[in-house]
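Each chain is listed here by its residues.
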Amino acid sequence: MAVVLPKVIYENLPYLYFLLSGALLAYGDSWYYIFSGAIFYIVACVVLVTRSAHRRLDKQNYRAIKHALPELLYEYLPYTYGAIGIFILMSTRQPILQFVAFALFVLALRNLVCRRTNRSKAKGLF
């Protein structure tokens, strides 16, 4: 008999991975910490994208949608923006680059919020 995780843990597990990634990146400068933080970040991204794909309510027209970007790139682009923003913040102290990192964070958050809103509604509710 399989052990079933409570729904609260299941729903928040990717965010725990993000927190662990941030803690590892903030804690040490060794490449062990950076590599471990990157692994936790990638796992959290994969879990969120996979979960989103399974919960989509707009799947009936999903095959008819023609994206300008390949689907894999489209799904992971906001997380890539966040990773680049983190890398910029960790590697520089120049104000203009810190502003660029902040702008990347805002763009990533905007894309994720809009994507979640669009995917959580049935086609007839648009």
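Look up: the structure comes first, before these words.
Here we summarise the structure given alongside this text. (Residues numbered from 1 in each chain as written. Predicted model: local features only at pLDDT ≥ 70, side-chain atom pairs only at ≥ 80, totals over all residues. Heavy atoms only, no water.)

Here we look at the nonpolar core
Quick reminder of the rule: Residues enter a nonpolar core if they are buried and are Ala, Val, Leu, Ile, Met, Phe, Trp, Tyr or Cys, with the set joined through side-chain atoms within 4.5 Å. Here's how the labels work: a residue is buried when its accessible area is under 20% of the maximum for its type, exposed when over 50%, partly exposed in between, all with a 1.4 Å probe on protein chains only. By the criteria applied, helices consist of DSSP H or I runs no shorter than four residues and strands consist of E runs no shorter than two, each listed in order from the N terminus. By the convention used here, residues are in contact when the closest approach between their heavy atoms is within 4.5 Å.
Within the largest apolar cluster, five residues are counted, these being Y41, C45, L48, V49 and Y79. Element by element, the count of residues in this core is highest for helix α2 (residues 31-55), at four residues. Dropping the residues within four chain positions of it, L48 is found in contact with P14, Y15, F18 and Y79.

Some thoughts on the environment of A83
By the secondary structure assignment, A83 is in helix α3 (residues 71-91). With 42 residues separating them along the chain, A83 and Y41 place their C-alpha atoms 8.3 Å apart.

A word on the environment of A38
Relative to the assigned elements, A38 resides in helix α2. Put simply, A38 and L24 are 14 residues apart on the chain and 9.0 Å apart in space, counted from C-alpha to C-alpha.

Things to note about helix α4 (residues 95-119)
Short version of the rule: By this rule, a helix spans an expected 1.5 Å times one less than how many residues it contains.
Over its 25 residues, α4 runs 36 Å from end to end, which matches the ideal 36 Å to within 8%, given 1.5 Å per residue. Residues A101, L104, A108, R115 and R119 constitute the buried set of α4.

Let's talk about the side chain of R51
The following threshold applies: In protein, a polar contact requires one atom able to donate a hydrogen and another able to accept it; more generally it is a pair of N or O atoms within 3.5 Å, and residues adjacent in sequence count only if both atoms are side-chain atoms.
Position of R51 among the secondary structure elements: in helix α2. A distance of 3.1 Å separates a polar atom in the side chain of R51 from the backbone oxygen of E11. Here R51 is in contact with Y10, E11 and P14, once residues within four sequence places are set aside.

Quick word on the pattern of salt bridges
Selection criterion: Every case where a carboxyl oxygen of Asp or Glu lies within 4 Å of a side-chain nitrogen of Lys or Arg is listed as a salt bridge.
Throughout the structure, instances matching the rule amount to two salt bridges. Taking the shortest distance from any N to any O, the salt bridge between E11 and R51 comes out at 3.6 Å. Placement of E11 in helix α1 (residues 7-27) and of R51 in helix α2 is noted, with a sequence separation of 40 residues between them. Residue classification places E11 among the partly exposed positions, given a relative accessible area of 23%. For R51, a relative accessible area of 9% translates into the label buried. The closest approach of N and O atoms between E75 and R115, which form a salt bridge, is 3.9 Å. On the criterion of sequence distance, the pair formed by E75 in helix α3 and R115 in helix α4 is long-range, its members being 40 residues apart. As far as burial versus exposure is concerned, E75 and R115 are alike and both buried.

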